[in-house]
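Analysis of the macromolecular model
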Amino acid sequence: MCIADKLYESVAARGPICVGLDTDISYVPQWLAAQYQTPGEAVFAFNRQIIDATADVAGCFKVQIAYYESLGLDGLRAYKDTLAYLRERELVAIADVKRGDIAKTAEMYAKAHFTGDFEADFVTLSPYMGLDSVTPYLPYVEQSGKGLFILVRTSNPGREDFQYLQSEGEPLYDIVGRKVQELGKPYIGTYGYSPVGAVIGGTSSLEAETIRAALDSTFFLIPGYGAQGGKAEDIARYLCRGNGGVVNSSRGVLLAYKKDGDERQFAEASRKEVLRAREEIASACSVYGK
């Protein structure tokens, strides 16, 4: 199956929330961490309970490698174990690694994150060295059913430093987005979306309709909802009938237990937050979406 089709079906069945497992060791309740010998073991135990609590209500999961690298080899074991657990449960896993190198180096990154210990369904890439920073990953799209999410227009304030620069009357992110859509056209699946997707920040809806119309066969990974300020009505404009994109929520889900005040029920609190966000976005889609 085309991985874009699997993701589309998962969103249709479970909703568009992407649970971001950007798990800082400080997020793990002390009572849980005390049961394990290393921070990495505690992080994985925390992740596993979050995954179990949200697997039937989240469209996919995104694992941000930096949080695991910061713990050294112990953290990378937790990263590996988290991805393996997602595979075991047949859930869609996005490795948020944002690689952006070229040639043989890019080939090695592709091998590292699409096979072996760190295998994921999708990886995030930065294309700003040029398309030769993306093409080494395409054999895995063609032959192994893998997918890409390529940075096009991000959610951080500094995006305007480069992504909004004008070239022949259009911003750079539009040019990059068009290139991404062109790269993905040979791989379009049953539901009209390619496994070559785009990262489109959801902190602003100003260009949403233009971007969605231009990238009509491109699946979106949408960061910025919740803690970064993106609102449900902003997000809804990037979706198409509630699908065609996944909406990342990391701290909002992982730290939901701090709002409830019961850290022993952290996994149940994460589930409630995913359900709340899913409902909020569904309601916004009925008003603002297409």
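Shown above is the structure to which this text applies.
Residues numbered from 1 in each chain as written. Predicted model: local features only at pLDDT ≥ 70, side-chain atom pairs only at ≥ 80, totals over all residues. Heavy atoms only, no water.

1. Looking at the sheet that holds strand β3 (residues 93-99)
Reading around the barrel, the eight strands line up as β1-β2-β3-β4-β5-β8-β9-β10 and close back on themselves, with parallel pairing between neighbours. Each adjacent strand pair in this sheet contributes to an overall mean axis angle of 30°, direction not counted. Here three bridges tie strand β9 (residues 218-222) to strand β10 (residues 245-249), and the two strands are oriented parallel to one another. If you follow F220 over to β10, its bridge partner there is G245. (Pairing = 2+ DSSP bridges. Helix = DSSP H or I, 4+ residues; strand = E, 2+ residues; numbered from the N terminus. Axes fitted to C-alpha atoms, helices over the stretch in contact; angles between N-to-C directions.)

2. A short note on the environment of G202
Among the secondary structure elements, G202 is positioned in the loop between β8 (194-200) and α9 (208-214). Looking at G202, the relative accessible area reads 0%, which means it is buried. Between the C-alpha atom of G202 and that of Q228, which follows or precedes it by 26 residues, the distance is 9.1 Å. Residue contacts for G202: discarding those within four places in its chain leaves S155, I222, P223, G230, K231, D234, I235 and Y238. (Buried < 20%, exposed > 50% of the residue type's maximum accessible area, 1.4 Å probe, protein only. Contact = heavy atoms within 4.5 Å.)

3. Observations concerning the pairing of strand β4 (residues 122-125)
Across the two faces of β4 the burial is the same, with F122 and T124 and V123 and L125 all buried. Inspection of the sheet shows β3 paired to β4 by three bridges, in the parallel sense. Considered in β4, the bridge of R99 is made with L125. For the segment spanning β3, helix α6 (residues 103-114) and β4, crossover handedness is right-handed. As a crossover connection, the stretch from β4 through helix α7 (residues 138-144) into strand β5 (residues 147-153) is right-handed. (Right-handed = clockwise from strand over helix to strand, strands pointing away.)

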